[in-house]
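So the chains spell out like this:
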Amino acid sequence: MSDQAVLHVRGRVLVGPEDVRDELWVVGGRVSYDRPAHARDITTVDGWALPGLVDAHCHVGLGPEGPVDAATAEKQARTDREAGTLLIRDAGSPSDTRWVDDREDLPKIIRAGRHIARTRRYIRNFAHEIEPADLVAYVAQEARRGDGWVKLVGDWIDRDLGDLAPSWPRDAVEAAITEAHRLGARVTAHCFAENSLQDLVEAGIDCIEHATGLTDELIPLFAARGVAIVPTLVNIATFPDLAAGGEARFPRWSAHMRRLHERRYDTVRGAYDAGIPVYVGTDAGGSLAHGLVAGEVAELVTAGIPPVDALAATSWAARAWLGRPGLEEGAPADLVVYGSDPRADVRVLASPRRVVLNGQVVE
């Protein structure tokens, strides 16, 4: 090995919740647990190291009115990076963010293509808005454009009913999910309500976003099928304000949103207790700020998930679920260093000491 610059991370390296090592070395942008024989310009960072955090529901390139320019998208990605988020599952965006892949200093993104919604049943300028007859074709299109995921809008307010209602008939989602799986993509869906869930899960969906409508009757079905949820509790916190804004026109919808909000913690804890995989996602983008990953982990703990499991939901477990490495030998050196043990107090996540991306200290 020729002389080269090396980063030395020293203290406690949390390779897994119980796999704790004293140090790692970053050589050529990769993790090594063997001290390099020849090195120059050794930079040492001390603290508690975790794999780069995961935000499994984030929207880079999306603003309140729809797609944003590249400068705004870059600012969003940098804000996430500053918070320690180095891996994003972009759960739907109308912007082309492939240029991010060429940037060594920005988080890695796993894209789900653009949202697919029913006509006039979602936020304007966010989604492809189509009818059921076109669902299979659009799912195939986004499966080819994405990075192994497709995002459906499973329910939204039906203005004629004045309440949340499923977006798609059962036969349409069955055919669409079958096609996505044939093309090697997993499918997730935005779902607030109770009545959209059974058809989606029985049709073979892989994940549900928000999942506020998950009931005691539905939990065994999710558990048996291994369907994951990404609760986005920092977003669900906005439900009371949304309900107040819609009270005059849609009182039934407003009351429903308040009920979903009131039971949000019980819903998440019930899912966790049943063995349903739960992962961290903030729903950043649109109207919600980026950089909220620490707050979402804290919300999972408030819901009753043990701190180590809440931490896993944004680190070891989340990376395994998305098929990306953590701090294994030879993996890209994407890590965050903290001043104390985040397993003991997840609030530590709000104050990264150092952020290392592709082997470079970026924060």
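Keep in mind that what you see is a predicted model, and the values were worked out from it rather than measured.

Novice: Quick one: what's the story with the sheet that holds strand β8 (residues 85-90), residue by residue and with numbers?
Specialist: Taken together, the three strands give an open sheet; going across it, the order is β5-β8-β9, and neighbouring strands pair in parallel fashion. Each having just a single partner strand, β5 (53-58) and β9 (108-111) make up the two edges of the open sheet. Averaged over all neighbouring strand pairs, the angle between strand axes comes to 20°, with direction disregarded. Pairing between β8 and β9: four bridges, direction parallel. In the strand pairing of β9, L87 is matched with K108.

Novice: Give me the lowdown on the layout of surface pockets, citing residues and values where you can.
Specialist: Each pocket or cavity is described by its volume, and for the largest pocket that value is around 740 Å³. Lining the largest pocket are 30 residues, and of these I123, W156, F192, L242 and S287 lie nearest its centre. Counting only elements with at least two residues in the lining of the largest pocket, the list comes to β13 (155-158), α7 (239-246) and α8 (251-262). It is α7 that contributes the most residues to the lining of the largest pocket, three residues altogether. Grouping the constituent residues of the lining of the largest pocket by class yields 14 nonpolar, 11 polar and five charged. In this structure, the second largest pocket spans a volume of roughly 240 Å³. Lining the second largest pocket we find 15 residues, and of these S93, S95, G113, R114 and E142 sit closest to its centre.

Novice: Mind laying out the nonpolar core, listing which residues take part and the relevant values?
Specialist: Counting residues in each nonpolar core, the largest one holds 60 residues, and the members touching the most others are L135, L152, I205, I208, F222 and L300. Broken down by element, this core gets its largest block of residues, five residues, from helix α3 (residues 170-182). Ignoring anything within four residues of it in the chain, the contact list for F222 reads L197, V201, I208, L214, V227, I229 and I276. In terms of nonpolar packing, the next biggest core, distinct from the first, is built from 18 residues, L62, V153, I236 and F250 among them.

Novice: Explain the packing of aromatic side chains residue by residue, including any values.
Specialist: The relation between two aromatic rings is expressed through the spacing of the ring centres and the mutual angle of the planes. Counted by the stated rule, this structure contains six aromatic pairs. Ring centres of Y122 and F126 lie 6.2 Å apart, and the angle between their planes is 75°; on these two criteria the pair is classed as edge-to-face. The same class applies to Y122 as to F126, namely buried. Each ring, one from F192 and one from F239, has its centre 4.8 Å from the other, and the planes form 75°; the classification is edge-to-face.

Novice: So what about the environment of R103? Which residues, and what values?
Specialist: Locating R103 in the fold gives a position in the loop between β8 and β9. Residues R103 and A39, spaced 64 residues apart in sequence, show a C-alpha to C-alpha distance of 26 Å. Filtering out sequence-adjacent residues up to four positions away, R103 remains in contact with E74 and R78. A polar atom in the side chain of R103 sits 2.8 Å from the side chain of D105.

Conventions and cut-offs
- Residues numbered from 1 in each chain as written.
- Predicted model: local features only at pLDDT ≥ 70, side-chain atom pairs only at ≥ 80, totals over all residues.
- Heavy atoms only, no water.
- Pairing = 2+ DSSP bridges.
- Helix = DSSP H or I, 4+ residues; strand = E, 2+ residues; numbered from the N terminus.
- Axes fitted to C-alpha atoms, helices over the stretch in contact; angles between N-to-C directions.
- 1 Å grid on protein atoms, 1.4 Å probe; cavity = no way out; pocket = protein on both sides within 12 Å on 5 of 7 lines; lining within 4 Å.
- Points joined across faces, edges and corners; volume = space filled by probe spheres on them.
- Nonpolar A, V, L, I, M, F, W, Y, C, P; charged D, E, K, R; others polar.
- Core = buried A, V, L, I, M, F, W, Y, C linked by side-chain atoms within 4.5 Å.
- Buried < 20%, exposed > 50% of the residue type's maximum accessible area, 1.4 Å probe, protein only.
- Contact = heavy atoms within 4.5 Å.
- Phe/Tyr/Trp six-rings, centres within 6.5 Å; stacked < 30°, edge-to-face > 60°.
- Polar contact = N/O pair within 3.5 Å; in protein donor to acceptor, adjacent residues only side chain to side chain.

By themselves, these observations are geometric and do not establish any function.
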